[in-house]
Amino acid sequence: MAEEKQASFTAREALFYHETIRPGKIEIIASKPMATQRDLSLAYSPGVAAPVEAIAEDPANAARYTARSNLVAVISNGTAILGLGNLGALASKPVMEGKAVLFKRFADVDSIDIELDTEDPDKFIEAVALMEPSFGGINLEDIKAPECFIIEQALRERMNIPVMHDDQHGTAIIAAAGLINACYLTGRDFKDVRMVVNGAGASALACTALIKAIGVPHDHVIVCDRSGPIYRGRTDSMDQWKSAHAVDTDARSLEEALVGADIFLGLSAAGALKPEWVDGMAEQPIIFAMANPVPEIMPDEAKAVRPDAIIATGRSDFPNQVNNVLGFPFIFRGALDVQATAINEEMKIAAAHAIAELARERVPDEVAAAYGKNHAFGTDYIIPAPFDPRLMEVVSSAVAQAAMDTGVALAPIADMNAYRMSLKARLNPTTSALTNTYELARANPKRVVFAEAEEDVVLRAAIQFRDFGYGTPVLVGRTEKVREKLIELQVDDPDEWEIQNSADSEHVPQMVDYLYQRLQRRGRTERDVRRTVNQDRNVFAALLVALGHGDAMISGLTRTFSQTAREVNLVLDPKPGQVPFGIHMMIGKNHTTFLADTTINERPTAEQLAHIARETAAVARRMGHEPRVAFLSYSTFGNPPGQWLGNIREAVAILDSENPSFEYEGEMAPDAALNPKVMELYPFSRLSGPANVLIMPGLQSANLSAKLLRELAGDATIGPMLIGMEKPVQIAPMTAIAPDVLTLSVLAAAGVVG
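Residues numbered from 1 in each chain as written. Predicted model: local features only at pLDDT ≥ 70, side-chain atom pairs only at ≥ 80, totals over all residues. Heavy atoms only, no water.

Some points on the overall build of the protein chain
Link 1 in the chain: The secondary structure content of the protein chain amounts to 31 helices and 21 strands.
Link 2 in the chain: Relative to the 2.2 N^0.38 estimate, which gives 27 Å for 754 residues, the radius of gyration of the protein chain is 29 Å and therefore close to what a compact globule would have.
Link 3 in the chain: With the C-alpha coordinates aligned to their principal axes, the bounding extent of the protein chain is approximately 95 × 70 × 50 Å.
Link 4 in the chain: Counted over contacts in the protein chain with a minimum sequence separation of 6, partners at least 24 positions apart contribute 71%.
Link 5 in the chain: Counting only carbon and sulfur atoms, one obtains 52% of the accessible surface of the protein chain, whose full area is about 32500 Å².
Link 6 in the chain: Between the centroid of the 70 positive side chains of the protein chain and the centroid of its 98 negative side chains there is a distance of 4 Å. (Helix = DSSP H or I, 4+ residues; strand = E, 2+ residues; numbered from the N terminus. Rg over C-alpha atoms; globule rule 2.2 N^0.38 Å. Contact = heavy atoms within 4.5 Å. Areas by Shrake-Rupley, 256 points an atom, 1.4 Å probe, with all protein chains shown as cover. Lys, Arg positive; Asp, Glu negative; His and termini not counted. Charge placed at Lys NZ, Arg CZ, Asp CG, Glu CD.)

Structural data, given as structure tokens:
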């Protein structure tokens, strides 16, 4: 099944996504220092001589001295690209790059895409087999049947590394996990069920083979293709792969085969399963209609005739999505970590059982929040959510254990508990939290006011906000100008977008009354207020939110943060009892650091520092991190002494009196907060590890630090994120690009920050 969610974005936005920042989706980054001549000498000549000789002496040393043991090749010839057909090797490159991105995102597996310009299986096999020294594993993708069977079998026989055609086995593993749980819920045993498979392509036959391996008897499975059931003695449209699944049956149509069947498993075509046929299946029928994008039967059609049915599809907008991303990243992760020589049947079965068992456990709060409801094991939740953070640990360790148990692991793991802990720590939890935030926004769409809609960057972000289903953008700008830009950006329905223009908005009289009531005792006349409403887009946008015509707003690209904040503050107040402040979130490969306050309070008091610490710790938790807060200073526990330490010490004392549920310490210099070796000099410190929340002593140091880190450190930066306003407001930096604006918009809409 397709790993990506079914989305309503346009071709224009997809092309822009692939083109912007830098073409494509992947790049190569050095994992070692490359700053000095010594670094380069170690990296290349003469430093490479030592590992070259070590590998020549013992090939196993390649795992110690090169990236091979964490490197997978995603290989295709483009003969079966998603649902698009045979468009050639070059056209498959965006898909293969995307698969490489998913490997990295979900399992920290490095991956490179390779597109081979041949439809000759022998040439394909020879080319891939010759690359064995380069890679720790081979993921075959988008290769048409029956060539994919020939290619995979030959490569598995020739190569001493894991080889898997994900279109076959990835789908099979996730489908098998779902069927295990569907049978569990309905009290069925695999050895007793009767199953009908519709479709005889690569995925369908792989699903059939794996489900038989798990326990469904061969004679209990009828496979159907376009010519009907595959029965013993049939000669029409047969091949060796179909023949392996032939059975004795009198059924000569899918309808006949389905009478009394417990399970329908479809990987065929839209509408292939008729509702009246479902009515003839066994009690509590299990229906896996996995054709994409339109399933063999829509869930509501099946439920109309059989309300007791358990239904899964390949789509994200229905329960029980059969999604390959639940499997392949973690299967390869486990296989690579034990240097497996193959991905065998036992490893696939172990993955299926691990995924099935995970769905039965209590769903983490962050997953429930992402989908806007409390998932619990049952007929609408037999397969885990794709973004469940436990998949990495559970599936990878199960696959690794199965590899060891079956003797295909060249580097067995001695301590599986330690291995499971290392899997938990391997990925930055921010990535999962951000994904969950996007899902939360999609589940609870809001109206977000884009205050600078005449700007291309803002308008592109607004288009993506709508196309991806996060909510409704309200565009502020000159009506004709905004509409012209929508047409330039090839929006299909520019007249249907909501554009708010102060020159003709029906809300202006109400806005003037509202704002005049706020400002009449601050030296503003009604004429002043009317002019401000008509001329200041930030004031106008903030008034839309204040009066309930929008749920949140985003601005900042045409004016500085401080100026934008002043204009918004004319309309909106801080939350009662709170102090507004800004957070920069710095995201590295394996770490995320939160800096505050980076935008508003020039010299915060002790009470303000304590408040900023509490609120930033709360944001860190919502982003998947256990906060460790450090109050930064030039002084570490009084050395050197100085006159600006009092408010920091008082802030710590305030938290001492409150006994908050997070670690905190201060005053301390950055190295004492972040460097484990320096931290050892202060054994009395209350921090159990390097700080991930840095509370800055003043605006000058905070703002400078955030901007320096953004420019020099290479970490991805989100922010500044504005916290503490009565309504969600975000002010993007003037240098923001469309993805930055979109992220802040989604964070505001989802209520994660603000």
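Quick look at empty space enclosed by the protein
Link 1 in the chain: In total, this model carries one cavity of 30 Å³ or more according to the counting rule given.
Link 2 in the chain: Taken as a whole, the largest cavity spans an internal volume of roughly 50 Å³.
Link 3 in the chain: Contributing to the lining of the largest cavity are Asn 77, Thr 79, Thr 118, Glu 119, Asp 120, Pro 121, Phe 124, Ile 143, Lys 144, Glu 147 and Ile 151.
Link 4 in the chain: Those elements giving two or more residues to the lining of the largest cavity turn out to be helix H6 (121-129) and helix H7 (147-158).
Link 5 in the chain: Grouping the constituent residues of the lining of the largest cavity by class yields four nonpolar, three polar and four charged. (1 Å grid on protein atoms, 1.4 Å probe; cavity = no way out; pocket = protein on both sides within 12 Å on 5 of 7 lines; lining within 4 Å. Points joined across faces, edges and corners; volume = space filled by probe spheres on them. Nonpolar A, V, L, I, M, F, W, Y, C, P; charged D, E, K, R; others polar.)

A few points about the packing of aromatic side chains
Link 1 in the chain: Applying the stated criterion across every chain, the model contains twelve aromatic pairs.
Link 2 in the chain: Judged by centre distance (6.1 Å) and plane angle (55 degrees), the ring pair of Phe 465 and Tyr 470 falls under tilted. One exposure class covers both Phe 465 and Tyr 470, and it is buried.
Link 3 in the chain: By the ring-pair criterion, three or more aromatic residues cluster together here, those being Tyr 438, Phe 450, Phe 465, Phe 468 and Tyr 470.
Link 4 in the chain: Between Arg 105 and the ring centre of Phe 106, over which it is positioned, the NZ or CZ distance is 4.6 Å.
Link 5 in the chain: One Lys or Arg, Arg 360, reaches over the ring of Tyr 184 and ends 4.2 Å from the middle of that ring. (Phe/Tyr/Trp six-rings, centres within 6.5 Å; stacked < 30°, edge-to-face > 60°. Buried < 20%, exposed > 50% of the residue type's maximum accessible area, 1.4 Å probe, protein only. Lys NZ or Arg CZ within 6 Å of the ring centre and 35° of its normal.)

Comments concerning the packing of helix H26 (residues 606-622) against helix H27 (residues 646-658)
Link 1 in the chain: As a packed pair, H26 and H27 sit with axes 8 Å apart at the nearest point and diverge in direction by 55 degrees. Taken together, H26 and H27 sit at an angle that is classed as oblique. As for how H26 packs across H27, the hand of that crossing is right-handed. Two secondary-structure elements touch here, H26 through Ala 606, Glu 607, Leu 609, Ala 610, Ala 613 and Arg 614 and H27 through Asn 647, Ile 648, Glu 650, Ala 651, Ile 654, Leu 655 and Glu 658.
Link 2 in the chain: For the contact of H26 with H27, the per-class residue count stands at eight nonpolar, one polar and four charged. (Axes fitted to C-alpha atoms, helices over the stretch in contact; angles between N-to-C directions. Parallel < 35°, antiparallel > 145°, perpendicular 65-115°, else oblique. Left-handed = near helix turned anticlockwise from the far one by under 90°.)

A short note on the sheet that holds strand E12 (residues 471-476)
Link 1 in the chain: Reading across from one edge, E13-E12-E11-E14-E21 is the order of the five strands in this open sheet, with parallel pairing throughout. Two strands in the sheet have a free side with no partner beyond their single neighbour: strand E13 (498-500) and strand E21 (729-731). Sheet twist, expressed as the mean angle between neighbouring strand axes with direction ignored, is 25 degrees.
Link 2 in the chain: Here strand E11 (residues 446-450) runs beside strand E14 (residues 552-555); their pairing, made up of three bridges, is parallel. Within E14, the position partnered with Val 448 by the bridge is Ala 552.
Link 3 in the chain: Lying over the sheet, helix H31 (residues 738-750) contacts E11, E14 and E21, oriented at roughly 140 degrees with respect to E11. (Pairing = 2+ DSSP bridges.)

Some points on the packing of helix H15 (residues 345-360) against helix H17 (residues 391-405)
Link 1 in the chain: For the pair H15 and H17, interaxial distance at closest approach is 8 Å and the crossing angle is 150 degrees. One way to sum up the angle between H15 and H17 is to call them roughly antiparallel. The interaxial crossing formed by H15 with H17 has right-handed handedness. Of the residues in H17, those touching H15 at Glu 346, Met 347, Ala 350, Ala 351, Ala 354, Ile 355 and Leu 358 are Leu 391, Val 394, Val 395, Ala 398, Val 399, Ala 402 and Ala 403.

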